[in-house]
Amino acid sequence: MRSSSRQSNGRSTKKDHIADQLRSMIRSGHLARGARIHQDALAEQFKTSITPVREALRQLEAEGLLDSAPHRGVRVSETSPEAQDGIYVARRLLESFATQLATQRFSRRNILQARELIESMRAAGLAGDSAAVRQYNRDFHFLIYERSGIPSLVETIDGLWLSFPWDTNEVLDPDACKAVDEHAAILDAIEEGNSAEAGAALGRHLRRSYHDLVQKLSGSPLEDDPFDEVESMP
């Protein structure tokens, strides 16, 4: 996993390790939304002083994964459809654009790698291995985005992924079938060299995922897709 918290020399610090572990625990649901974070317990768990723990918590708060408030301490951030609207719109704009750029740079080897990731994700979903599904999903998407030729764009997308509630979304498609089929459609367009359709297929994939997320969070279907306003602009 990429992380802007890495030192410039590429070495991982104690803060980095703690932050990575906490991100994983939040995304997997092992740290539930709203759960209180106890700094002393983390310091004991990671066998370190309180300083790198505090630094890691500040990092995750900056990423939107944690909240802190007087008399409440540090807690895992709650989420809502409203909180995710901007992230969703930004992801559709940037990830679709990155996919269009990547289409012209995808090699035959990249196609084979992507096909393998799709099949691995399918197998993991059928086996009920949600952690593997998440990893194969990420690997598939970033295999594409990294071929966009704009590293700073990839970093920006990575930041949006950090703020997305994967712990909530993973339960929506337990066998990963919908996502797998959508990934295959994206890759088919890339293999054909159809950048416009590849970007559109990616957009449809994100739209379905977001609609499922809103249904899960609110208990009712999404009525007004915030991206519709973007598409209707002259």
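Residues numbered from 1 in each chain as written. Predicted model: local features only at pLDDT ≥ 70, side-chain atom pairs only at ≥ 80, totals over all residues. Heavy atoms only, no water.

### Observations concerning the pattern of salt bridges
Counted under the stated rule, the structure contains 14 salt bridges. One salt bridge connects Glu191 with Arg115, and the closest N-O pair in it is separated by 2.8 Å. Pair noted here: Glu191 is in helix α9 (residues 177-191) and Arg115 is in helix α5 (residues 108-126), with a separation of 76 residues, a long-range link. The exposure class assigned to Arg115 is partly exposed, which follows from its relative accessible area of 28%. (Salt bridge = Lys/Arg side-chain N within 4 Å of Asp/Glu carboxyl O. Helix = DSSP H or I, 4+ residues; strand = E, 2+ residues; numbered from the N terminus. Buried < 20%, exposed > 50% of the residue type's maximum accessible area, 1.4 Å probe, protein only.)

### Some points on the sheet that holds strand β3 (residues 73-76)
The strand order across the open sheet built from 3 strands is β1-β3-β2, with neighbouring strands paired in antiparallel fashion. The sheet terminates laterally at β1 (36-37) and β2 (66-69), the two strands that pair on one side only. Looking at chain direction, β2 and β3 are connected through 4 bridges and run antiparallel. Within the sheet, the bridge partner assigned to Ser68 lies in β3 and is Val74. (Pairing = 2+ DSSP bridges.)

### Details of the pairing of β3
Note on strand geometry: in a regular strand, side chains alternate between the two faces of the sheet. Across 2 bridges, the pairing between β1 and β3 is antiparallel. Across the sheet, residue Ile37 finds its bridge partner in β3, namely Val74. Linking β2 back to β3 in an antiparallel pair, the connection comprises 3 residues, with His71 at a positive phi of about 70 degrees.

### A closer look at unusual backbone geometry
Excluding glycine, a negative phi dihedral is what most residues carry, and trans is how most peptide bonds are arranged. Positive phi is not limited to glycine here, since Lys47 has a value of about 55 degrees. Along the chain, Lys47 turns up in the loop between α2 (39-45) and α3 (50-62). Owing to a relative accessible area of 72%, Lys47 belongs among the exposed residues under this scheme.

### A look at the packing of helix α6 (residues 130-145) against helix α7 (residues 151-162)
Between α6 and α7, whose axes approach to 10 Å, the crossing angle comes to 155 degrees. As the angle between them shows, α6 and α7 are arranged roughly antiparallel. Note that α6 runs across α7; the crossing there is right-handed. Seen from α6, the contacting residues are Asn137, Arg138, His141, Phe142 and Tyr145; seen from α7, they are Val154, Ile157, Asp158 and Trp161. (Axes fitted to C-alpha atoms, helices over the stretch in contact; angles between N-to-C directions. Parallel < 35°, antiparallel > 145°, perpendicular 65-115°, else oblique. Left-handed = near helix turned anticlockwise from the far one by under 90°. Contact = heavy atoms within 4.5 Å.)

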